[in-house]
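Tertiary structure, described
Below, each chain spelled out in residue letters.
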Amino acid sequence: EDKVVQSPLSLVVHEGDTVTLNCSYEVTNFRSLLWYKQEKKAPTFLFMLTSSGIEKKSGRLSSILDKKELFSILNITATQTGDSAIYLCAVNRGTGTASKLTFGTGTRLQVTL
Amino acid sequence: NAGVTQTPKFRVLKTGQSMTLLCAQDMNHEYMYWYRQDPGMGLRLIHYSVGEGTTAKGEVPDGYNVSRLKKQNFLLGLESAAPSQTSVYFCASTDPSNQPQHFGDGTRLSIL
């Protein structure tokens, strides 16, 4: 059975802290791993990772994939209150035209002043 | 820049009633998906479509039907709503070339 596990489930930090969110997976026919940020409504895309060891970076956020150990991390440096959200990890799996996402349950991050 | 639009945004139904949720995308995407999101469960795939006129079952298809008569629209139907179908429903779309899925803002559905 395909499985994506995120940790921690929730996290409270102070503004300015650095946080690391974890995602491990066991899926068949791995294509890519994606990170999304979900505030009140639609999940919004952050990163897509397909190759091991190559860091993707956007401002204070960065992410890396380890396909040998089957996990990814999402780092947020100098956190701000606007980073408060649920962070979702998903793995794109499938062959041919059947491209499907399996999601983890998410990590709820709260950044306080 | 509408992207993926879901209607309605909120709905309350009584057990046994039927309804249809509409998803429309203006990005000319081939693939469209319906998910449900429940507390502690993450997003789970209900049904998906890889092109106009085609549909397939996802992880949790029971109690739902879908149709993709036009490329830009993907309908999710509940024939006889049950309290277990109380959830937030998200639609998403993408291209076949391993691109990220783009999500709508969701429909919050409560069944009493």
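Heads up: the structure comes first, above all this text.
Below or above, wherever it landed, is the structure these notes cover. (Residues numbered from 1 in each chain as written. Chains lettered and ligands numbered in written order. Predicted model: local features only at pLDDT ≥ 70, side-chain atom pairs only at ≥ 80, totals over all residues. Heavy atoms only, no water.)

Residues and elements named next belong to chain A. Among the nonpolar cores identified, the biggest contains 21 residues, and V4, Y25, L33, W35, Y87 and L109 are the most heavily contacted of them. Of all the secondary-structure elements, those providing two or more residues to this core are β3 (19-26), β4 (30-38), β5 (44-49), β7 (61-66), β8 (71-76), β9 (85-93) and β11 (107-112). With near-sequence residues (within four places) excluded, L33 lies in contact with C23, Y25, F47, M48, L49, L65, S72, C89, A90 and V91. (Core = buried A, V, L, I, M, F, W, Y, C linked by side-chain atoms within 4.5 Å. Buried < 20%, exposed > 50% of the residue type's maximum accessible area, 1.4 Å probe, protein only. Helix = DSSP H or I, 4+ residues; strand = E, 2+ residues; numbered from the N terminus. Contact = heavy atoms within 4.5 Å.)

Once that is clear, we can look at the state of the cysteines. Inspection of every chain in the model, using the stated rule, returns two disulfides over all chains. One disulfide in the model links C23 of chain A with C89 of chain A; its S-S distance is 1.9 Å. Disulfide C23 of chain A to C89 of chain A: torsion about the S-S bond roughly -70 degrees, handedness left-handed. Taken together, the residues span a long stretch of sequence, with C23 of chain A in strand β3 and C89 of chain A in strand β9 at a distance of 66 residues. The class for C89 of chain A is buried, based on a relative accessible area of 0%. With a sulfur-sulfur separation of 1.9 Å, C23 of chain B is cross-linked through a disulfide to C91 of chain B. When the S-S torsion is -75 degrees, as for the bridge of C23 of chain B with C91 of chain B, the disulfide is left-handed. Of this pair, C23 of chain B sits in strand β3 (residues 19-25) while C91 of chain B sits in strand β9 (residues 87-94), and the two are 68 residues apart along the sequence. The class for C91 of chain B is buried, based on a relative accessible area of 0%. (Disulfide = S-S within 2.5 Å.)

The subject of this paragraph is the interface of chain B and chain A. Across the boundary between the two partners, chain B contributes 18 residues, which contact 21 residues of chain A. It is L43, N98 and F103 of chain B in chain B that bury the most area against chain A; as a group they hold 30% of the surface buried on that side. In this assembly, chain B and chain A are joined by zero salt bridges. For the pair chain B and chain A, the interface holds two residue pairs in polar contact (both at pLDDT 80 or more). Contributions of two or more residues to the side of chain B that touches chain A are made by β4 (31-38) and β5 (42-51) of chain B. (Buried area = accessible area lost by both parts, 1.4 Å probe. Salt bridge = Lys/Arg side-chain N within 4 Å of Asp/Glu carboxyl O. Polar contact = N/O pair within 3.5 Å; in protein donor to acceptor, adjacent residues only side chain to side chain.)

Residues and elements named next belong to chain B. A sheet is described by the order of its strands in space; here four strands give the open sequence β1-β3-β8-β7, paired in antiparallel fashion. One side of each edge strand has no neighbouring strand; the edge strands of this open sheet are β1 (4-7) and β7 (64-67). Between one strand axis and the next, the sheet turns by 20 degrees as a mean value, whatever way the strands run. Sheet topology places β3 next to strand β8 (residues 73-78); six bridges connect them, and they run antiparallel. (Pairing = 2+ DSSP bridges. Axes fitted to C-alpha atoms, helices over the stretch in contact; angles between N-to-C directions.)

This next bit is on the pattern of salt bridges. Residues and elements named next belong to chain B. Applying the stated criterion to the full structure yields six salt bridges over all chains. Taking the shortest distance from any N to any O, the salt bridge between R36 and D38 comes out at 2.9 Å. Neither residue differs from the other here; R36 and D38 are each classed as buried. Through salt bridges with shared partners, a single network forms among R36, D38 and R44.

This brings us to unusual backbone geometry. A cis amide bond links S7 of chain A to the next residue, P8 of chain A, at an omega of -10 degrees. A cis amide bond links T7 of chain B to the next residue, P8 of chain B, at an omega of -5 degrees. Its identity as a non-glycine residue notwithstanding, A78 of chain A has a phi of 45 degrees, on the positive side. As for its placement among the helices and strands, A78 of chain A is situated in the loop between β8 and β9. Given the relative accessible area of 39%, A78 of chain A is considered partly exposed. Unusually for a residue other than glycine, N28 of chain B sits at a positive phi of about 60 degrees. Inspection of the secondary structure puts N28 of chain B in the loop between β3 and β4. Residue classification places N28 of chain B among the exposed residues on the basis of a relative accessible area of 53%.

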